[in-house]
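# Descriptive structure summary
Listed here are the chains, written in short residue letters.
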Amino acid sequence: MKTVLLAVMIKIWFLDVETKETLPAVKVTTNKTVYFSNFDGYVNIPNDEKVLKVSYNTYKSVENVKIVNDTTILLNQF
């Protein structure tokens, strides 16, 4: 008997709220590890992880984000 592990991934896009441009290298802190968005402005995280904080240089941080499926997060500059 083989054990198969299947992780469902959630895609999170990060956009500037005014320009709607994608934001690369957004830091996403989860309850298990830290991820960074790629050059296309998104990151894939396992659906069993909680997003604790989203931060990006010169933008306001977002905390305790509830994500259940693929989504877009709009970030505001300071």
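Reading the values: rules and limits
Sequence order as written defines residue numbering, which begins from 1 separately in each chain. Local features in this predicted model are restricted to residues of pLDDT 70 or higher, and side-chain atom pairs are both shown and tallied only at a pLDDT of 80 or more, whereas totals for entire chains, interfaces and linings draw on every residue. Think of the side-chain values as coming from all heavy atoms in the structure, minus any hydrogens and water. When DSSP finds two or more bridges between two strands, those strands count as paired. Think of it this way: any DSSP run of H or I at least four residues long counts as a helix, any run of E at least two long counts as a strand, and we number them from the N terminus. Helix axes use the C-alpha atoms of the stretch in contact, all axes being lines fitted to C-alpha atoms, and the angles between their N-to-C directions lie in the range 0 to 180 degrees. Centre distance within 6.5 Å is the pairing criterion for rings of Phe, Tyr and Trp, where only the six-membered ring of Trp is used; planes under 30 degrees apart are then read as stacked, over 60 as edge-to-face, and the remainder as tilted. The criterion for a charge sitting over a ring is simple: Lys NZ or Arg CZ within 6 Å of the ring centre, and within 35 degrees of the ring normal.

With that settled, the discussion passes to the sheet that holds strand 2 (residues 27-30). Strand order in the open sheet made by the 4 strands is 3-2-5-6, with antiparallel pairing throughout. The open sheet has two free edges, formed respectively by strand 3 (34-36) and strand 6 (62-65), since each of these has just one partner strand. Averaged over all pairs of adjacent strands, the angle between their axes in this sheet comes to 20°, without regard to strand direction. Where strand 2 meets strand 5 (residues 51-55), 4 bridges bridge the pair, whose relative direction is antiparallel. Each residue of the ladder has a partner; that of Thr29, found in strand 5, is Lys53.

By convention here, two paired aromatic rings are described through the distance between centres and the angle between planes. Per the counting criterion, the structure on display carries 2 aromatic pairs. Taking the centre distance of 4.7 Å and the plane angle of 50° together, the rings of Trp13 and Tyr42 count as tilted. Of the two residues, Trp13 is situated in strand 1 (residues 9-16) and Tyr42 in strand 4 (residues 42-46); the sequence distance between them amounts to 29 residues. The residue whose ring lies beneath Lys11 is Tyr42, and the NZ or CZ to ring-centre distance is 4.2 Å.

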